Amino acid sequence: MTDETGARPEAIPADDATVTTAEAPLAERVEAILLIIDEPIALVALAAAVHAPVPAVRQVLEQLAEDYDGRGHGPRRGFELREVGGGWRLYVREDHDDLVADFIGGQAPARLSQAALETLAVIAYKQPVTRSQVASIRAVNVDSVVRTLLARGLITELFADSETGAINYGTTDQLLQQLGINSIVELPPISPLLDDGADGFDEGMIR
């Protein structure tokens, strides 16, 4: 096909076309994973999850971080993408911490489920402890329960493991207030009658 001058229009290089059509889906896949994770995800693990090369995923992460900061084509978002503890995760901007805290605190109080109480007990006696360690002790998935406890302000993220990036959790002053104690060391000893789970508290017991 030619134009009015009889010349053929310049064809788009195949490589450029591939990049153009692949960038948006890759960014969408990366965002989808970032939205569901509770702990920072390592670059290599994220690349494997979205089935893309590590350099391409790092480029997308950097572009997303710029976009969320308002340095791209859109406005600054209420959240940001940060690399923490060797992994990447979305966080609420510090500017909105009070807003989020007020929102969570204003939610109608609800009783904790048995699963939440058991998970809270494990974290209280075993802290600092990771989600995978809690799941190992309880022999069930605790992702949603941990999110609930975080939202209720009963536990908090203490630090990320320097090697694995796994978040270690501990209890908050709010929990102490609700229990009517001044320190975790005032928690009663674990009953010897609770055989199932007692083995999980042998090491790292709070002293």
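Residues numbered from 1 in each chain as written. Predicted model: local features only at pLDDT ≥ 70, side-chain atom pairs only at ≥ 80, totals over all residues. Heavy atoms only, no water.

J.: Looking at this structure, how should I read the overall build of the chain?
T.: Regarding its fold elements, the chain presents eight helices and five strands. Counting from the amino terminus, helix and strand elements in the chain follow one another as α-α-α-β-β-α-α-β-α-α-β-β-α. Counting only residues that meet the buried cut, the chain has 31% of its 207 residues in that class. Here the analysis covers contacts within the chain between residues at least 6 apart in sequence; of these, 46% occur between residues at least 24 apart. (Helix = DSSP H or I, 4+ residues; strand = E, 2+ residues; numbered from the N terminus. Buried < 20%, exposed > 50% of the residue type's maximum accessible area, 1.4 Å probe, protein only. Contact = heavy atoms within 4.5 Å.)

J.: Can you walk me through the pattern of salt bridges in this structure?
T.: Note that side chains of opposite charge can pair when their charged atoms are close. All told, the structure shown has 11 salt bridges when counted by the stated rule. Between E83 and R58 there is a salt bridge; the shortest N-O distance is 3.8 Å. Of this pair, E83 sits in strand β1 (residues 79-84) while R58 sits in helix α3 (residues 54-68); the two residues are 25 residues apart in sequence, bridging distant segments of the chain. A relative accessible area of 31% places R58 in the partly exposed class. One salt bridge in this structure joins D69 and R71, with 3.1 Å as the shortest N-O distance. Residue class for R71 comes out exposed when judged on its relative accessible area of 55%. A single network of salt bridges, built from pairs that share partners, joins D69, R71, E80, R82 and R93. (Salt bridge = Lys/Arg side-chain N within 4 Å of Asp/Glu carboxyl O.)

J.: It is not clear to me how the environment of A101 should be interpreted in this structure. Could you clarify?
T.: As for its position among the elements, A101 is in helix α4 (residues 97-105). Using a relative accessible area of 46% as the deciding quantity, one classes A101 as partly exposed.

J.: I tried to follow the packing of helix α2 (residues 43-50) against α3 on my own but got confused; where do I start?
T.: For any two helices packed against each other, one specifies the crossing angle of their axes together with the interaxial distance. Packing of α2 against α3 brings their axes to within 9 Å, and their N-to-C directions diverge by 100 degrees. When the axes of α2 and α3 are compared, the pair comes out roughly perpendicular. For the pair α2 and α3, the contacting residues are L43, V44, L46, A47 and V50 in the first and V54, V57, R58 and L61 in the second. (Axes fitted to C-alpha atoms, helices over the stretch in contact; angles between N-to-C directions. Parallel < 35°, antiparallel > 145°, perpendicular 65-115°, else oblique.)

J.: Please explain the packing of aromatic side chains as it appears in this structure.
T.: By convention here, two paired aromatic rings are described through the distance between centres and the angle between planes. By the definition in use, this model includes one aromatic pair. A centroid spacing of 4.9 Å and a plane angle of 65 degrees characterise the contact between Y68 and F79, whose relative ring orientation is edge-to-face. Here Y68, found in helix α3, pairs with F79, found in strand β1; they are 11 residues apart in sequence, far enough to count as distant. The buried category is assigned to Y68, whose relative accessible area is 3%. For F79, a relative accessible area of 31% puts it in the partly exposed group. (Phe/Tyr/Trp six-rings, centres within 6.5 Å; stacked < 30°, edge-to-face > 60°.)

J.: I'm lost on the confidence of the model for the chain in this one. Help?
T.: Parts of the prediction with low pLDDT should not have their coordinates interpreted in detail. Chain-level pLDDT for the chain is 79 on average; 77% of the residues reach the 70-or-more range. In this model, residues 1-24 is a region of pLDDT below 50 whose contacts with residues beyond four sequence positions or in other chains number six contacts. Low pLDDT, under 50, characterises residues 193-207; the predicted model gives this stretch 18 contacts beyond four residues in sequence or across chains. (pLDDT = per-residue confidence, 0-100.)

J.: Can you help me understand the side chain of R138 in this one?
T.: For R138, the location among the structural elements is in helix α6 (residues 131-138). Side-chain polar atoms of R138 contact the side chain of E118, separated by 2.8 Å. Beyond its immediate sequence surroundings of up to four residues, R138 is in contact with A115, E118, T119 and V122. (Polar contact = N/O pair within 3.5 Å; in protein donor to acceptor, adjacent residues only side chain to side chain.)

J.: Is there a simple way to explain a nonpolar patch on the surface in this structure?
T.: Among the surface-exposed residues, V92, L99, V100, F103 and I104 lie close enough to one another that they form a single nonpolar patch of about 450 Å² accessible area. Per-element accounting of the nonpolar patch gives the leading share, four residues, to α4. Among the secondary structure elements, V92 is positioned in strand β2 (residues 87-92). With relative accessibility at 44%, the residue V92 sits in the partly exposed group. (Patch = residues over 30% accessible without salt bridge, like charges linked within 9 Å, V, L, I, M, F, W, Y side chains within 5 Å. Areas by Shrake-Rupley, 256 points an atom, 1.4 Å probe, with all protein chains shown as cover.)

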